[in-house]
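Per-entry structural report
Okay, here's what each chain looks like letter by letter:
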Amino acid sequence: MRKRGKVISMLLFAALLCCPAAWSQEEAPAMVKGKTGVTLATPVDRVMCADEGIAVDGYDLISYREPGGPVAGNPDYSADHAGFTYLFSSAENLTTFLDDPERYVPSYHGFCAVTLALGRVVCPDSTNFVIQGDRLFLFEVTGFTNGRTLWNTDPATFRGKADRNFGSLTIQ
């Protein structure tokens, strides 16, 4: 059964890698959950995924690295950093964040990492994540495609593409 699942995953991966090249940037489908994705050529509002200025849907950034995380933050424990407001579930977690915020903030301003690698800017599901190399990456889920599952098939390649694409964005 594992072998069959791996074969199916590899076929889906191959299809997703091959098909986007056939689409123009305007036609490329976005993995979207309630928000519209945009092409790399479109200027991006840095806080487009931060509803009412609250990043990562209000989840406590420290809790992503704890068993059972992430958990919802509390507005009583908030911090502003680099134009985003983050909520924390406790004073202790807030202090931990303030001691080293760059360690905890999500990569790519919280945009979906895999769709960024594939040439689109999309808001993720903030509970769909992975921590790799001490970086927090967030992913979208749409239809039968889980961005995290796709990312995990080749994280180094996806990360390189996402890093390059993020560097090419015009961020407002």
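Below: a short report on this structure. (Residues numbered from 1 in each chain as written. Predicted model: local features only at pLDDT ≥ 70, side-chain atom pairs only at ≥ 80, totals over all residues. Heavy atoms only, no water.)

Some thoughts on helix α6 (residues 155-168)
Here α6 spans 20 Å end to end across 14 residues, near enough to the 20 Å set by a 1.5 Å rise per residue. Residues Phe-158, Ala-162 and Asn-165 constitute the buried set of α6. Seen along its axis, α6 keeps its buried residues to an arc of 70°; they face one direction. Among the exposed residues of α6, those pointing more than 90 degrees away from its buried face are Ala-156, Arg-164 and Gly-167. (Helix = DSSP H or I, 4+ residues; strand = E, 2+ residues; numbered from the N terminus. Expected span 1.5 Å × (residues − 1). Buried < 20%, exposed > 50% of the residue type's maximum accessible area, 1.4 Å probe, protein only. Arc of directions from axis to C-beta.)

Things to note about the pattern of salt bridges
Scanning all chains against the criterion turns up 3 salt bridges. In this structure, Asp-134 and Arg-65 form a salt bridge, with 2.7 Å as the shortest nitrogen-oxygen distance. With Asp-134 in the loop between β5 (125-132) and β6 (135-139) and Arg-65 in the loop between β1 (38-39) and β2 (74-81), the pair connects residues that are 69 residues apart, well separated along the chain. Between Asp-134 and Arg-103 there is a salt bridge, with the nearest N and O atoms lying 3.1 Å from each other. (Salt bridge = Lys/Arg side-chain N within 4 Å of Asp/Glu carboxyl O.)

Describing the packing of aromatic side chains
By the definition in use, this model includes 9 aromatic pairs. For the pair Tyr-64 and Phe-129, a centre-to-centre distance of 4.8 Å together with 90° between the ring planes defines the contact as edge-to-face. Here the residue Tyr-64 occupies a position in the loop between β1 and β2, and Phe-129 occupies one in strand β5, the gap between them amounting to 65 residues. Like Tyr-64, the residue Phe-129 is buried in the burial classification. On the basis of an interplanar angle of 35° and a centroid distance of 4.9 Å, the ring pair of Phe-88 and Phe-97 is categorised as tilted. Across this residue pair, the class does not change: Phe-88 and Phe-97 are buried. Here the aromatic residues Tyr-108, Phe-137, Phe-139, Trp-151, Phe-158 and Phe-166 are joined through ring pairs into a cluster of three or more. (Phe/Tyr/Trp six-rings, centres within 6.5 Å; stacked < 30°, edge-to-face > 60°.)

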